[in-house]
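Examining the three-dimensional arrangement
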Amino acid sequence: MIALTVNGQTHQVDVDPDTPLLYVLRNELALNGAKFGCGLGQCGACTVLLDGKPVFSCLVPVAALGKRKVRTLEGLASPDGAPGTLSIAFEAEQAAQCGYCIAGMIVRAQALLERNNRPTEEEVRAHLAPNLCRCGTHMRILRAVRRAAEMMGGGVRDVAEQKP
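This write-up is about the structure you can find in this document. Quick caveat: nothing in here was measured; it's all calculated off a predicted structure.

**Details of unusual backbone geometry**
- Of note in this structure, asparagine 7 is not a glycine but carries a positive phi near 55 degrees.
- Tracing the chain through its elements places asparagine 7 in the loop between strand E1 (2–6) and strand E2 (9–13).
- Phi angles above zero are rare outside glycine, and aspartate 51 is one such case at about 50 degrees.
- Note on placement: aspartate 51 falls in the loop between strand E3 (47–50) and strand E4 (53–56).

Structure follows, in structure tokens:
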């Protein structure tokens, strides 16, 4: 049995220690926000937060978690189950076309905005770069992150506001 903490709850799972976290989340815990995209850590559809940092869950063996905490898209919702700020912003900006990449994009954006709710446009683009959107809604995704930053009391800084 392997113990892991996901979205604030401790779980015991009976899986091979080399099983990717993605499979444990989806198959053992019925948390389907993270998607299987490539299985190679190249698309970002499976992105989750591991101690607040975005990781590709398809590459993380469940035995490597130790006492670190996992947050999935489902863990970003409000305590009453209402959608989180980024989910609201993504919906308002109609950032999802096929929707496959969106969970990973939201999770990765959450990591950025928790660390810095006034990023520059360049910081947003660089932070989201590891996650791919094949439908071409990149501009809507960027608008959604800007909107979420504003909703969180920050906003995206102009280049002129950047520190030298």
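After that view of the structure, there is still more to cover.
**What to know about the packing of helix H2 (residues 85–92) against helix H3 (residues 102–115)**
- Taken N-terminus to C-terminus, the directions of H2 and H3 make an angle of 125 degrees; their axes are 10 Å apart at the nearest point. In terms of orientation, H2 and H3 fall into the oblique class. In the crossing of H2 with H3, the sense of the turn from one axis to the other is right-handed. Residue-level inspection shows Leu86, Ser87 and Phe90 of H2 in contact with H3, the latter providing Ile102, Met105, Ile106, Ala109, Gln110 and Leu113.
- Among the residues making up the contact of H2 with H3, the classes are represented as 7 nonpolar, 2 polar and no charged.

**A look at helix H4 (residues 121–128)**
- The set of residues buried in H4 consists of Glu121, Val124, His127 and Leu128. Each buried residue of H4 sits inside an arc of 135 degrees when the element is viewed along its axis, so together they form one side.
- Looking at the buried positions of H4, the neighbouring elements they touch are E4, H3 and helix H5 (138–151).

**Some details on the sheet that holds E3**
- Pairing within the open sheet is mixed, and its 5 strands lie in the order E2-E1-E5-E3-E4. Edge positions in the open sheet fall to E2 and E4, since each of these has one partner strand only. Along the sheet, successive strands turn relative to each other by an average axial angle of 40 degrees, direction set aside.
- Relative to E4, E3 runs antiparallel, the two sharing 4 bridges. Residue pairing across strands places threonine 47 opposite phenylalanine 56, the latter belonging to E4.
- On top of the sheet, helix H1 (residues 21–28) reaches E1, E2, E3 and strand E5 (69–71); it is set at about 80 degrees to E1, its chief contact.

**Focus: a nonpolar patch on the surface**
- Residues Tyr23, Phe36 and Tyr100 make up a contiguous nonpolar surface patch of about 290 Å² in total accessible area.
- Positionally, tyrosine 23 belongs in helix H1.

**Observations concerning the side chain of threonine 19**
- Mapping threonine 19 onto the fold places it in the loop between E2 and H1.
- If near-sequence neighbours (up to four positions away) are discounted, threonine 19 is found in contact with Val24, Val60, Pro61 and Val62.

**Describing the pairing of E2**
- Relative to E2, E1 runs antiparallel, the two sharing 5 bridges. What sits directly across from alanine 3, in E2, is glutamine 12.
- Between the end of E1 and the start of E2, which pair antiparallel, lie 2 residues, with asparagine 7 showing a positive phi angle near 55 degrees.

**So, the nonpolar core**
- Among the nonpolar cores identified, the biggest contains 25 residues, and Leu86, Phe90, Met105, Val124, Leu128, Ile141 and Val145 are the most heavily contacted of them.
- Broken down by secondary-structure element, the contributors of at least two residues to this core are H2, H3, H4 and H5.
- When residues of this core are assigned to their parent elements, the largest contribution, 8 residues, is made by H3.
- Among residues more than four places away in sequence, those in contact with isoleucine 141 are Phe90, Ala95, Cys101, Ile102, Met105, Leu128 and Cys133.
- One finds Val6, Leu21, Cys46 and Leu50 within the second-largest nonpolar core, a separate group that totals 22 residues.

What counts and what doesn't
Each chain carries its own residue numbering, running from 1 in the written order of its sequence. Predicted model: local features are reported for residues with pLDDT of at least 70 only, side-chain atom pairs are reported and counted for 80 or more only, and whole-chain, interface and lining totals are derived from all residues. Based on all heavy atoms of the structure, the side-chain values leave hydrogens and waters out of the count. Each helix is a run of H or I in the DSSP string that is no shorter than four residues. Each strand is a run of E no shorter than two, and both are numbered from the N terminus. Between N-to-C directions, angles span 0 to 180 degrees; the directions come from axes that are lines fitted to C-alpha atoms, helices contributing only their stretch in contact. Throughout, the term roughly parallel applies to angles under 35 degrees, roughly antiparallel to angles over 145, roughly perpendicular to angles from 65 to 115, and oblique to all others. By the definition used in this description, the sense in which the near helix is turned from the far one sets the handedness, with an anticlockwise turn below a right angle giving left-handed and a clockwise turn giving right-handed. Contacts are residue-level and defined by heavy atoms, with any inter-residue pair within 4.5 Å sufficient. When residues are grouped by polarity, Ala, Val, Leu, Ile, Met, Phe, Trp, Tyr, Cys and Pro land in nonpolar, Asp, Glu, Lys and Arg in charged, and all others, Gly among them, in polar. Think of it in three bands: residues with accessible area under 20% of the maximum for their type are buried, residues over 50% are exposed, and the middle band is partly exposed, with areas taken using a 1.4 Å probe on protein chains only. By construction, the arc corresponds to the directions joining the helix axis to the C-beta atoms. Two strands form a pair only when DSSP identifies at least two bridges running between them. Patch membership is restricted to residues that have no salt bridge and whose relative accessible area is over 30%. Joining uses 9 Å for like charges and 5 Å for the nonpolar side chains Val, Leu, Ile, Met, Phe, Trp and Tyr. In these tables, accessible area is a Shrake-Rupley quantity obtained with a 1.4 Å probe, and a residue counts as shielded only by the protein chains included in the view. The salt bridge criterion pairs a side-chain nitrogen of Lys or Arg with a carboxyl oxygen of Asp or Glu, the two atoms within 4 Å. Among buried residues, the Ala, Val, Leu, Ile, Met, Phe, Trp, Tyr and Cys ones that are joined through side-chain atoms within 4.5 Å form a nonpolar core.

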